[in-house]
Amino acid sequence: MLLNLELRHRPPEASLRYLEQNVNHLLQGFSDRRIDVPVDYQPEKGVEYPMPYVLLDRNDEAVECFFADPDQRLRNSVCQGDRVKFFVHPAMIAEYREKYPDLLNLAGDQKVAPTASTRTVITRDLPYNFMIKSNMTRFVGFLRRNLRMSAVAQSNAIMKEMAEIENFAPKSLAYLPESIGVVYQTEVGLILRECQARPKVDEERLLVPFFSLISLDRNWPEDPLLLCQIVENHPHKDPLLTFQEMILLPLLEAWAYLVFERGILPIPHGQNLLLELDTRGTPTRIVFRDLSDATIDKQVREQQGLHCDFHRHWVDDTDHSPLKLGSEPICDPEIARKIRYSLNYDFWIGRRLIDPFAIVLSQYPSCTAEKIVQAAQDFFHATIQNRAADL
């Protein structure tokens, strides 16, 4: 993908769809990555398909709906009086026929296109398109992608939290709202995610998944990586400073705010993070998505005088999400807490983001791995270390 052409000739939503399906070589490149979903529904196929839906009665005691300030256009698309559309991934129909036949009283279908995660799709040809994160009991990646009540409720609670901080969070931080959730019989859920980042802005912005920044375009593999195009879009500035000021430090600033001010530890990997660009191709914000799997630090939230009305994923949990050292379970909450913080920062940000970015940027003389790591360490010592010492 050539960024300048993309910004001029394709709407942001279409660009995001293209990136999800075609500029994801790094994401798809793990040899042991398992996908038990038919190929027709995988992003590499690049095809659209109909996703059926059933109309569920919101007053039915088997149905639970969650709302977090959805855009009225989204609400109008999925809510019909007391009924709400529940989208069924085609790969799940055979299983639902046996376990949940009421979910197959289909009322219609919606044309969708798969994203890189396969089980999340983007609607097509609607006045206000959105993403559908569906329940998937098959393996996608390294896990079965079940979407139960606890995950949908957690998503809703975190979305309400994100709405509260819009006016005073760092300007570098944005998020994709998961503004509607529906659960049937506590076991089968879906989450509807909007494509416009919040806080909202008046101009169009392009969203680039972090994995796309360092992935080849499967259709145009000779094109420069997007990370390099962004750096070279500022030819009068040192590439190292461009990367630090426009990507690395805004990422660390946004992450540090969520962690140390709100007690929310997002999983900051290449799929959950997006880089927002303005119409000139200049980075504007770091956009978080899929926050339902974020870990919650009760200690930080209590220190900040914040509520702890969340449903799962506590940072010091040793019961519901057990950790192991070798074959030995971790039973000490404080050790579990330290391990999860290390996984979040050292592994996800350090190993899975900074290290591969440094490899790509090593083609520029000023962008040595040592300097990039040093910039992250300097930010940590200046901004994070004192807060981390209090935890």
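Throughout what follows, the structure given in this document is the object of discussion. What you see is a predicted model; the values in this text were computed from it and never measured. (Residues numbered from 1 in each chain as written. Predicted model: local features only at pLDDT ≥ 70, side-chain atom pairs only at ≥ 80, totals over all residues. Heavy atoms only, no water.)

### Some thoughts on the sheet that holds strand β12 (residues 178-184)
Overall, antiparallel pairing links the 9 strands, which are arranged β3-β12-β13-β8-β7-β6-β2-β5-β4 in an open sheet. On the outer flanks of this sheet lie β3 (63-67) and β4 (79-80), each paired with one strand and no other. Summarising the sheet, β4 and strand β5 (residues 83-87) pair through 2 bridges and their orientation is antiparallel. Across the sheet, C79 pairs through a bridge with V84, a residue of β5. Packed onto the sheet, helix α2 (residues 12-22) meets β6 (106-114), β7 (120-123) and β8 (130-134) and runs at close to 75° relative to β6. (Pairing = 2+ DSSP bridges. Helix = DSSP H or I, 4+ residues; strand = E, 2+ residues; numbered from the N terminus. Contact = heavy atoms within 4.5 Å. Axes fitted to C-alpha atoms, helices over the stretch in contact; angles between N-to-C directions.)

### Details of a negative patch on the surface
Taken together, D57, D60, E61, D82 and D102 make up a surface patch of like negative charges. Note that D82 resides in the loop between β4 and β5. (Patch = residues over 30% accessible without salt bridge, like charges linked within 9 Å, V, L, I, M, F, W, Y side chains within 5 Å. Areas by Shrake-Rupley, 256 points an atom, 1.4 Å probe, with all protein chains shown as cover. Salt bridge = Lys/Arg side-chain N within 4 Å of Asp/Glu carboxyl O. Lys, Arg positive; Asp, Glu negative; His and termini not counted. Charge placed at Lys NZ, Arg CZ, Asp CG, Glu CD.)

### Focus on the environment of E20
One can find E20 in helix α2. Along the sequence, E20 and G108 sit 88 residues apart, while their C-alpha atoms lie 26 Å from each other. At a separation of 2.8 Å, a polar atom in the side chain of E20 contacts the side chain of R289. (Polar contact = N/O pair within 3.5 Å; in protein donor to acceptor, adjacent residues only side chain to side chain.)

### Focus: helix α6 (residues 149-164)
For α6, which comprises 16 residues, the first-to-last C-alpha distance of 23 Å matches the rise-based estimate of 22 Å (1.5 Å per residue) to within 8%. All buried positions along α6 are accounted for by A151, V152, A153, Q154, S155, N156, A157, I158, M159, E161 and M162. (Expected span 1.5 Å × (residues − 1). Buried < 20%, exposed > 50% of the residue type's maximum accessible area, 1.4 Å probe, protein only.)

### Observations regarding the sheet that holds strand β14 (residues 206-209)
Strand order in the open sheet made by the 4 strands is β11-β17-β16-β14, with mixed pairing throughout. Sheet topology places β11 (173-175) and β14 at the edges, where each strand pairs with a single neighbour. Direction aside, neighbouring strands of the sheet carry axes that sit 35° apart on average. Where β14 meets strand β16 (residues 273-277), 4 bridges bridge the pair, whose relative direction is antiparallel. For L207, the partnering residue across the bridge sits in β16 and is E276. Of the strands in this sheet, β11, β16 and β17 (283-288) are in contact with helix α9 (residues 239-262), which crosses β17 at around 40°.

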